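Secondary and tertiary structure notes
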Amino acid sequence: MTHSPMVAVWEELGGDPALLPRVSTVAREGALKARLPVRELARGCVGACALAAAELAARRAGLAEVPRVRVDDGAVATAFVSERHLLIDGRAPVSFAPLSRFWRTADGSVRTHANYPHHRARLLGALGLADDATVEDVAGLLAERSAAEVEETVYGAGGLAVALRTAKEWAAHEQGIAVAGRPLIEHDHVDTARARVLPPLDGDPLLPATGVRVLDLTRVIAGPVATRTLALLGADVLRVDAPRLPEDPDAHADTGFGKRSTTLDLATDRSTFDELLAAADVVVTGYRPGALDRFGLSPEALAERKPGLIVSQLSAWGAYGPWGERRGFDSLVQVATGIAATEGSPEQPGALPAQALDHGTGYLLAAAVLRALTEQSEQGYGRVVRLALARTAAWLTDGIERGEAGPAKIGEARPVERREGQDLAYDRPDAWLAERDSGIGRLRYALPPVSFMGGPADWARPPGAWGTDPARWA
């Protein structure tokens, strides 16, 4: 895909190209500055999601025209680093633990991820270090080993470590080849059952996902961003976690807007989950491929158990290739795919100005669900949608051209809006931040970037404490 990101995404979603001129862009200098076209990717992901929301709203409300969509670089750039803008009673969250960082090895660099206690324990165990090991202890040990050896040893123990690669090296890697051969958004029909008919919309603002029940089996950023967006648009989103794997409370505070959160042990309480599934319209999974299979929660098994269901699977590396069952996070995918080397150098790795693979893929996933709901209203049928951070990375590194072209093809695009004076620059995010009270404290947070005429401007409810809601639909 080498044309406009908005056109590329809308085409992959199967959207009507005649709707593309409904999107306009407010361009702001300095938003998501990077060597790679991060701003263009972010615009394309958010714009496609907003257009999919407007399209579904028009269909359900019986509107003659799809509402106009406005993509503002300021709102998008602020939302793409929402976790950095979050304040809880004035306190800023800690994004990365001390052992989540780059390390020099004997022949290059490696990046580890140890934000969760079980990942930290597996990292130290793989390296033969005690639980009280310091950053200096780890640094000294890794400096004596090759990056490839560290990667394989740590992954073999269930931890997370990825060797720094250039884009050329990733393109020649077996997993890189497998990822490049896949579409950005994979979607398939999986049955011929009629989906539940959603009632017409009636209300202000227009909430296109009203009445849609979403089971949220995701963690950290990408999946929760997708379900946070569906909640914004009116869906009843119930996040379900295992009691033994608590989410980081700050991460939950950032991505829990609009949702409810419960815990279920699937090994001992399958009947409750089965009751939830029986009434669900959408299931979103964000665990590594294969991790939920033993509970009968693979995309194929879910689709078979509940005909007409929309199943969305999000993974780091894709559910295929030699890394198909590996864990991963945005920071690690940046390292493997050459992004860290491009944004810095092989000697001094860099990073994108946001965890753009996470956020971008989250909005793509929400867009895919919204388009699937629109298609179901015409055709019925269950659907499976798959996205991978590594595939989004491939699109960023080799599929997007820079520029301020509008979101549609030449001759179809509405002009990019240009603001005079200071409005043109993205210097401060204040205009796209809000504050409100919640059960977990006073929150400062980034407003949603998905915007269309008549649509919601903010979430209906703030996040509550993780895992404290009953395991039932609203």
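The model shown is predicted, which means the values in this text are computed figures rather than measured ones.

1. Some remarks on the sheet that holds strand β6 (residues 161-163)
The three strands are arranged β4-β5-β6 in an open sheet whose pairing can be described as antiparallel. Looking at which strands have only one partner, the edges of the open sheet turn out to be β4 (102-104) and β6. For this sheet, the mean angle separating the axes of adjacent strands, direction not counted, is 30°. As paired strands, β4 and strand β5 (residues 109-112) are joined by three bridges and run antiparallel to one another. Each bridged residue has a counterpart across the sheet, and for R104 the counterpart in β5 is S109. Contacting β5 and β6, helix α7 (residues 147-156) runs over the sheet at an angle of about 155° to β6.

2. A word on the environment of R145
Along the chain, the position of R145 falls in the loop between α6 (135-142) and α7. Residues within four places of R145 in sequence aside, it is in contact with T105, A106, D107, L127 and V150.

3. Notes on the pairing of β5
On β5, burial covers both faces: S109 and R111 on one face and V110 and T112 on the other are all buried. The turn joining β4 and β5, which pair antiparallel and follow one another in sequence, is formed by four residues. Here three bridges tie β5 to β6, and the two strands are oriented antiparallel to one another. Bridging across to β6, V110 finds its partner in A163.

4. Side note on the pairing of strand β12 (residues 310-315)
With six of six residues buried, β12 lies mostly within the body of the structure. Covered by surrounding structure in β12 are I310, S312 and L314 together with V311, Q313 and S315, the residues of both alternating faces. Direction of pairing for strand β11 (residues 282-285) relative to β12: parallel, over a ladder of four bridges. Along β12, the bridge assignment pairs V282 with I310. Sheet topology places β12 next to strand β13 (residues 383-388); six bridges connect them, and they run parallel. From the neighbouring strand, Q313 faces β13, where its bridge partner is R386.

5. A few points about helix α1 (residues 5-12)
When you tally the buried positions in α1, you get seven out of eight residues, the bulk of the element. Tucked into the core, α1 has its buried residues touching β1 (23-27), α2 (38-61), β7 (186-189), α16 (356-379) and α17 (389-398). Two residues or fewer after α1 comes G14, characterised by a positive phi angle close to 75°.

6. Examining the pattern of salt bridges
Under the defined criterion, the tally for this structure stands at 27 salt bridges. A salt bridge links R39 to D73; the nearest nitrogen and oxygen atoms lie 3.3 Å apart. Highlighted residues: R39 in helix α2 and D73 in helix α3 (residues 73-79), separated in sequence by 34 residues. Of the two residues, R39 and D73, neither departs from the other in class, the shared state being buried.

7. A few points about the confidence of the model for the protein chain
Any region with low pLDDT has predicted coordinates that should not be read closely. Averaged over every residue, the pLDDT of the protein chain is 92; the share at 70 or more is 95%. Low pLDDT, under 50, characterises residues 404-422; the stretch is placed with 40 contacts to residues that sit more than four places away or in other chains.

8. Some points on the packing of aromatic side chains
One pass over the structure, following the stated rule, counts eight aromatic pairs. Look at W317 and W323: their rings are 4.8 Å apart centre to centre, the planes differ by 85°, and that puts the pair in the edge-to-face class. Take W317 and W323: they sit in the same class, and that class is buried. A connected cluster of aromatic rings, assembled from ring pairs, spans W170, W317 and W323. One Lys or Arg, R101, reaches over the ring of W103 and ends 4.1 Å from the middle of that ring.

9. Quick word on the environment of P456
Within the secondary structure, P456 is located in the segment after β16 (441-446). Taking the relative accessible area as the measure of exposure, P456 reaches 9% and is therefore buried. Taking the C-alpha atoms as reference, P456 lies 7.1 Å from L232; in sequence the two are 224 residues apart. Non-local contacts of P456, meaning those with residues more than four positions away in its chain, are made with P205, L206, L207, L232, L233 and V450.

10. Points about the environment of V335
Tracing the backbone through its elements, the reader meets V335 in helix α14 (residues 330-336). Judged by its relative accessible area of 1%, V335 is buried. Residues V335 and G350 lie 15 residues apart in sequence; the distance between their C-alpha atoms is 8.8 Å. Residues within four places of V335 in sequence aside, it is in contact with F102, R111, V162, A163, L164, R165 and A340.

11. A short note on the state of the cysteines
Applying the stated criterion to the full structure yields zero disulfides. You can see C49 has no disulfide; the closest cysteine sulfur is in C45, sitting 9.2 Å from it.

12. A word on the sheet that holds strand β10 (residues 260-263)
In space, the seven strands of this open sheet follow the order β7-β13-β12-β11-β8-β9-β10, with mixed pairing throughout. Strands at the two margins of the open sheet, each flanked by one partner only, are β7 and β10. Ignoring strand direction, the axes of neighbouring strands in this sheet form an average angle of 20°. Packing of helix α10 (residues 222-232) onto the sheet brings it into contact with β8 (213-217), β9 (236-241), β11 and β12, and relative to β9 it is tilted by some 155°. Each of β8, β9 and β11 is contacted by helix α12 (residues 270-278), which is oriented at about 135° to β8, the strand it contacts most.

Conventions used here
Just so you know, the residues in each chain are numbered from 1, in the order the chain's sequence is written. Predicted model: local features are reported for residues with pLDDT of at least 70 only, side-chain atom pairs are reported and counted for 80 or more only, and whole-chain, interface and lining totals are derived from all residues. As a rule here, side-chain values come from all non-hydrogen atoms in the structure, and water together with hydrogens is ignored. If DSSP finds at least two bridges between two strands, the strands pair. Put simply, DSSP marks the helices as runs of H or I at least four residues long and the strands as runs of E at least two long, and each gets a number from the N terminus on. Axis definition: a line fit to C-alpha positions, over the contact stretch in the case of helices; interaxial angles, taken between N-to-C directions, run 0 to 180 degrees. Working rule for contacts: check all heavy atoms of both residues, and any pair within 4.5 Å makes them a contact. Between buried and exposed lies partly exposed: a residue is buried under 20% and exposed over 50% of the maximum accessible area for its type, with that area taken using a 1.4 Å probe on protein chains only. Take a side-chain nitrogen of Lys or Arg and a carboxyl oxygen of Asp or Glu: if they are within 4 Å of each other, that pair is a salt bridge. Every residue carries a pLDDT, the predictor's confidence in it, which falls somewhere between 0 and 100. Ring geometry is summarised as follows: Phe, Tyr and Trp rings, the Trp one being its six-membered ring, pair when their centres sit within 6.5 Å, and such pairs are stacked at plane angles under 30 degrees, edge-to-face over 60 and tilted between the two. Only when the NZ of Lys or the CZ of Arg is both within 6 Å of the ring centre and within 35 degrees of the ring normal is a charge said to sit over the ring. Put simply, a disulfide is two cysteine sulfurs that come within 2.5 Å.

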